[in-house]
Amino acid sequence: MKYFSVVLLCGVLLTTCKNPPQEQSHSKKKLGMVTDSAMVVSAREEASKIGTQIMQQGGNAFDAMFATEMALAVCYPFAGNLGGGGFMVYRLADGKTGALDYREKAPKAATRDMYLDKNGDVILNKSTLGGLAVGVPGTVAGIFAAHEKFGTVPIDQLLAPVIELAKKGYVVTKSQAQRFANIDSIVTAVNGKEILYGDHINVNDTVQNKALANTLSRVVQYGRSEFYKGKTADSLVAFLQRHGSIITKEDLAAYKAVWREPVKFTYDDLTIISMSPPSSGGITLAQIMRMIEPYALESYGHNSQKSIQVLTEAERRAYADRNYFLGDPDFVQIPTDTLLSQLYLKDRLSDFSFEQATPSSSITYGAIPGYESNETTHYSIVDQFGNAIAVTTTLNGAYGSKLYADELGFFLNNEMDDFSSKAGVPNMFGLIGAKANEIAPEKRMLSSMTPTIVEKEGKLWMTLGTPGGSTIITSVLQTILNVHEYDMTMQEAVDAPRFHHQWLPDVVLFEPESFEQAVLDSLKAKGYNVNQNQSPIIGKVDGIKVLPNGKLEGGADRRGDDAAVGF
């Protein structure tokens, strides 16, 4: 019998790995990069190296966070950013945990119906492209808040290698060049001119971003206030307003990151610490894992028909609750205790049968008495002192709103689309929203970002997360289960094929050519709507696992240019 409880709450020796070799031991398991003391796993090797070098110089995980986040803004503009926001979950060496919310906010002039026409219908692209799609950025406030509380290395030392990277440039990968080409026409249209990034950039070109180097140099000189009140703020607001934004200097000056209690729950002998609202990640992950805990997943087998059924049915019910009940806790009352209670969740899955799929049309949010984008990026860090962090940051869509502040050197988010523009109408990820996530001035939009830390028997065991919009939660879920239930290494767990269900639309997405046809056919026969032809890449998980001998194993997802670096 399983039990469950819920509580809310390279320099000296640098190693790197993008395509880890097969372990040559008797186990024949595929291990990711293994290091002795510290590690960063992120979407780009350059960023992982800079974060690792900061720790080699004596910095901790929070110092490395500052440098890694800004390095990603330089070499991974797809999602790395100054113009977006994110979440961080941490576990200190002494076991203390916490979370930082630096999610974007709606401008003070925002209104509930700002994306609707005179007939009350959502205006296409208004919440996704251009100035009106931009929420007040939180990234710079977030990294400064983390550094102020836990950092030990001066800001100039943290940003020196980042500024050098921006000045000297980084080499464009094949996948990166393809993304630049894909967005060329829309970025040119939104900005009214050609910008730094586009189809003129080829594989192996070196891209320099001197404007961003100058912006970061001013941040070194004047600190956090440079971005929110200084010359950068003046330039940013002027640029945004020229492009139809309602963000003002007052909006920037008023922005603050918020420390929150993470969601903490147990699953078998694991304790899982994940992000609290306005991220839906922790609560939704907890709901799914609690619903599936009584089932013998290990005996069913990895990605077997029965294991897929159990996860899919729990996911569809948890996402229905997510879409109705969750929002910014500073604006709405979230019935967390009930949503995570044993009695409630047992009832939610009580009508599940292995014989037949439960149509999503028959499922709504649960009865309670009285009452993200595919283009995100994640990085995981463990330092030599035993501290661990999981950070997910985003512009929302690919290159966000497609607005590029060329004088400052970065893209702006389109996070306003993560609000419910209209109850019952899906956003760009197909997520249906409700009143809890409607637009209001200075409100933070709901997110699927799920930075997560896992303890095993009270000790640090894993830190992980992923981009992937609405698929983030299920990708984190499956990666944890891959290690815990199916005895995979960290690298095997992040590389394993994934699937996803989110209530509506009522379709189970499978990675193409990754699942046995017999399994898919049997699921179809039981009434599941299977899609493996138009399925997007489901997440790019980056994680670190603490091995029994105390060494660290990095899992850098094969689906991207992700890399583990450590010492």
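Residues numbered from 1 in each chain as written. Predicted model: local features only at pLDDT ≥ 70, side-chain atom pairs only at ≥ 80, totals over all residues. Heavy atoms only, no water.

Moving on, we get to the overall build of the protein. When helices and strands are tallied, the protein shows 18 helices and 23 strands. Dimensions of the protein, computed from the C-alpha atoms along their principal axes, are close to 65 × 60 × 40 Å. The buried share among the 567 residues of the protein stands at 64%. Of the side chains in the protein, 53 bear a positive and 63 a negative charge, and the two mean positions are spaced by 2 Å. (Helix = DSSP H or I, 4+ residues; strand = E, 2+ residues; numbered from the N terminus. Buried < 20%, exposed > 50% of the residue type's maximum accessible area, 1.4 Å probe, protein only. Lys, Arg positive; Asp, Glu negative; His and termini not counted. Charge placed at Lys NZ, Arg CZ, Asp CG, Glu CD.)

Here the focus is the packing of helix α13 (residues 305-325) against helix α16 (residues 472-484). Axis separation between α13 and α16 bottoms out at 12 Å; the angle between their running directions is 145°. Here α13 and α16 pass one another in a crossing that is right-handed. Where α13 abuts α16, its residues L311, E315 and Y319 lie against I473, T474, L477, Q478 and L481. (Axes fitted to C-alpha atoms, helices over the stretch in contact; angles between N-to-C directions. Left-handed = near helix turned anticlockwise from the far one by under 90°. Contact = heavy atoms within 4.5 Å.)

Glancing now at the sheet that holds strand β18 (residues 499-500). To summarise the sheet geometry, strands pair through backbone hydrogen bonds and adopt either a parallel or an antiparallel arrangement. In space, the 3 strands of this open sheet follow the order β18-β19-β20, with mixed pairing throughout. Only two strands of the sheet have a single neighbouring strand rather than two, namely β18 and β20 (530-531). Summarising the sheet, β18 and strand β19 (residues 508-510) pair through 2 bridges and their orientation is antiparallel. Following the sheet pairing, H500 is matched in β19 by L509. (Pairing = 2+ DSSP bridges.)

Under the criterion given, the structure shown has 28 salt bridges. Between E492 and K29 there is a salt bridge whose closest N-O contact spans 3.9 Å. The exposure class assigned to K29 is partly exposed, which follows from its relative accessible area of 26%. A salt bridge links D94 to K96; its shortest N-O distance comes to 4.0 Å. The same class applies to D94 as to K96, namely exposed. (Salt bridge = Lys/Arg side-chain N within 4 Å of Asp/Glu carboxyl O.)

Here the largest cavity defines a volume of roughly 80 Å³. Taken together, L297, H302, N303, S307, I308, L311, Q478, L481, N482, Y486 and F499 make up the lining of the largest cavity. Among the secondary structure elements, those contributing two or more residues to the lining of the largest cavity are α13 and α16. Its residues assigned to classes, the lining of the largest cavity comprises 6 nonpolar, 5 polar and no charged. (1 Å grid on protein atoms, 1.4 Å probe; cavity = no way out; pocket = protein on both sides within 12 Å on 5 of 7 lines; lining within 4 Å. Points joined across faces, edges and corners; volume = space filled by probe spheres on them. Nonpolar A, V, L, I, M, F, W, Y, C, P; charged D, E, K, R; others polar.)

Glancing now at the side chain of Q309. As for its position among the elements, Q309 is in helix α13. You can call Q309 buried: its relative accessible area is 0%.

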